[in-house]
Amino acid sequence: MQSLTLEEIQNLKQKEISFFLYSVYKINEQKRSKLKLITALNTLTTYPSFTENIFLFYKKTHNQKFKATAFSNVSKEIIDAFSDSYLEPESKLIEVFNQQILEIDCEKEKTLPSNLLEKIKCESIIAFPCADLGIFILAKKNKKSISETDRNFLKHFVDFILRPAVELAIDNERNFNSAIRDPLTNAYNRGYLDLYLEKEIKFAERKKFPVSVVMIDIDYFKNYNDLNGHQKGDKVLIDVVKTLMTNIRGYDIVARYGGEEFVIVLPHANLKSATKKAELIRQKIRDFVFFNEGMQPNGNLTISLGVATFPNNTLDSKELLHKADLALYMSKADGRDKTTAYAKKLEH
């Protein structure tokens, strides 16, 4: 809880102070920063004025979008369906940063995604800016305005309880990201890839969907480094990863496997669709203009790719990477700048 000035303390009622102390106690019980944020919203539903209301928090991302980060007083089905979804660019809620508080009739203005509004049966919304960190939302099932007392209470709650919880969540997320990212390319690192893929395979096994991996190697990269220096080589690595990230879906991941090797994980992609995606990426890299690439042995800076899929090729995450690597080896043995899908005959 951030420090309050004497004037601010004097303006708070005893009931508010008691509730804020209770909120801080409940928040501090949680070890994970995201749970602290969710707990902050959950405590509001115990306050007499807001037991029937729904609360949401949309965090402002680095690319100026707003992502659903926490919900309170909604079903698990709604949380699962809408967590990490984004406000649409034309949402009236985004204007909250130009005003102190924004009250909106959901029938007249575009606010939350229509399918979410339908689920929570919301008729009106009051939105509060949480510094420059995000938007705190009170969703009501009627159009009756809340009292000035309750409005001031929520403003104090955002300033003194919610904001510190959000700041902590952002700091922890930043620290976590630095631990799982490759510092040069910003791709995920090998450690995170191994953990993520094992978890994703187990989830896919329960839910019965395919997971594909694409193993990628930059052709003749040592030759490029020797001719142009490591600084130019680093730039190639960065540009390759940017190209990979630009050409995948939001829930796919790119990881640096080691040196000039990378892996893309494609949940819900079978071998055919993953191979098609890999071939698209191969062509994108081929078309990209890299510094002095004409001096490469094949006259262009290219990549070779290998693709394997769970459950068709294997049920094990480590074996899946191995089979994608075998397919990659065949691409390189066949002259490089190729995409190869794993087949059992590659084992012989």
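You'll find the structure just up there.
Below is a short write-up of the structure. (Residues numbered from 1 in each chain as written. Predicted model: local features only at pLDDT ≥ 70, side-chain atom pairs only at ≥ 80, totals over all residues. Heavy atoms only, no water.)

1. Quick look at the packing of helix α8 (residues 221–228) against helix α9 (residues 230–246)
Consideration 1: Following both chains from N to C, one finds α8 and α9 inclined at 135°, their axes separated by 7 Å at the closest point. Looking at the two axes, α8 sits oblique to α9. Residue-level contacts link Phe221, Tyr224, Asn225 and Asn228 of α8 to His230, Lys232, Gly233, Val236 and Leu237 of α9.
Consideration 2: The residue inventory of the contact of α8 with α9, partitioned by class, reads 4 nonpolar, 4 polar and 1 charged. (Axes fitted to C-alpha atoms, helices over the stretch in contact; angles between N-to-C directions. Helix = DSSP H or I, 4+ residues; strand = E, 2+ residues; numbered from the N terminus. Parallel < 35°, antiparallel > 145°, perpendicular 65-115°, else oblique. Contact = heavy atoms within 4.5 Å. Nonpolar A, V, L, I, M, F, W, Y, C, P; charged D, E, K, R; others polar.)

2. As for α9
Residues spaced three or four apart along an α-helix face the same direction, because each turn holds 3.6 residues.
Consideration 1: Its 17 residues place the ends of α9 24 Å apart at the C-alpha level, agreeing with the 24 Å of an ideal helix rising 1.5 Å per residue.
Consideration 2: Buried within α9 we find Gly233, Val236, Leu237, Asp239, Val240, Val241, Thr243 and Leu244.
Consideration 3: Looking at the buried positions of α9, the neighbouring elements they touch are β6 (211–218), α8, β7 (253–258), β8 (261–267) and α10 (271–287). (Expected span 1.5 Å × (residues − 1). Buried < 20%, exposed > 50% of the residue type's maximum accessible area, 1.4 Å probe, protein only.)

3. Topic: the pattern of salt bridges
Consideration 1: This model, assessed by the stated rule, comprises 24 salt bridges.
Consideration 2: For Glu95, the salt bridge is made with Lys92, and the minimal N-O distance between the two is 3.1 Å.
Consideration 3: Residue Lys92 is classed as partly exposed on the basis of its relative accessible area of 22%.
Consideration 4: Two residues, Asp171 and Arg174, come together in a salt bridge whose shortest N-O distance is 2.9 Å. With Asp171 and Arg174 both in helix α6 (residues 148–180) and 3 residues apart, this pair spans about one turn of that helix.
Consideration 5: Assessed through its relative accessible area of 37%, Asp171 is described here as partly exposed. (Salt bridge = Lys/Arg side-chain N within 4 Å of Asp/Glu carboxyl O.)

4. A word on the sheet that holds strand β5 (residues 134–140)
Consideration 1: With antiparallel pairing, the 5 strands of this open sheet are ordered in space as β2-β1-β5-β4-β3. A single partner strand is all that each edge strand has here, and the edge strands are β2 (66–72) and β3 (102–105). Sheet twist, expressed as the mean angle between neighbouring strand axes with direction ignored, is 25°.
Consideration 2: Bridge count for strand β1 (residues 54–60) against β5 is 6 bridges, and the pairing is antiparallel. Its bridge partner lying in β5, Tyr58 is registered against Ile135.
Consideration 3: Helix α3 (residues 33–44) rests against β1, β2 and β5 of the sheet, and its axis sits at about 55° to β2.
Consideration 4: Contacts from α6 reach β1, β3, β4 (124–130) and β5, with the element oriented near 55° to β4. (Pairing = 2+ DSSP bridges.)

5. Observations concerning empty space enclosed by the protein
Consideration 1: If you walk through the whole model with that rule in mind, you get 1 cavity of 30 Å³ or more.
Consideration 2: Space inside the largest cavity adds up to approximately 40 Å³.
Consideration 3: Lining the largest cavity, in full, are Asp194, Leu197, Ser317, Lys318 and Leu321.
Consideration 4: Secondary-structure elements contributing two or more residues to the lining of the largest cavity are α7 (190–207) and α11 (317–333).
Consideration 5: No other element matches the 3 residues that α11 contributes to the lining of the largest cavity.
Consideration 6: Residues that form the lining of the largest cavity fall into these classes: 2 nonpolar, 1 polar and 2 charged. (1 Å grid on protein atoms, 1.4 Å probe; cavity = no way out; pocket = protein on both sides within 12 Å on 5 of 7 lines; lining within 4 Å. Points joined across faces, edges and corners; volume = space filled by probe spheres on them.)

6. Structural notes on unusual backbone geometry
Consideration 1: Note that the residue after Phe310, namely Pro311, is joined by a cis bond; omega there is 5°.
Consideration 2: Relative to the assigned elements, Pro311 resides in the loop between β9 (303–310) and α11.
Consideration 3: Of note in this structure, Tyr220 is not a glycine but carries a positive phi near 50°.
Consideration 4: Structurally, Tyr220 is set in the loop between β6 and α8.
Consideration 5: Residue Tyr220 is classed as partly exposed on the basis of its relative accessible area of 31%.

7. Points about the packing of α7 against α11
Consideration 1: One can describe the packing of α7 onto α11 by two numbers: an axis separation of 9 Å at closest approach and a directional angle of 110°. With respect to each other, α7 and α11 are oriented roughly perpendicular. Listed contacts from α11 to Leu193, Asp194, Leu197, Glu198 and Ile201 of α7 are Ser317, Leu320 and Leu321.
Consideration 2: Broken down by class, the residue content of the contact of α7 with α11 amounts to 5 nonpolar, 1 polar and 2 charged.

8. Description of the sheet that holds β6
Consideration 1: Pairing in this open sheet of 5 strands is mixed, and the strands run β7-β8-β6-β9-β10 from one edge to the other. Two strands bound the open sheet, and with one partner strand each, they are β7 and β10 (339–341). Within this sheet the neighbouring strands show an average axis-to-axis angle of 20°, counted without direction.
Consideration 2: The strands touched by α10 within the sheet are β6, β8, β9 and β10, with β9 carrying the most contacts at an inclination of about 165°.

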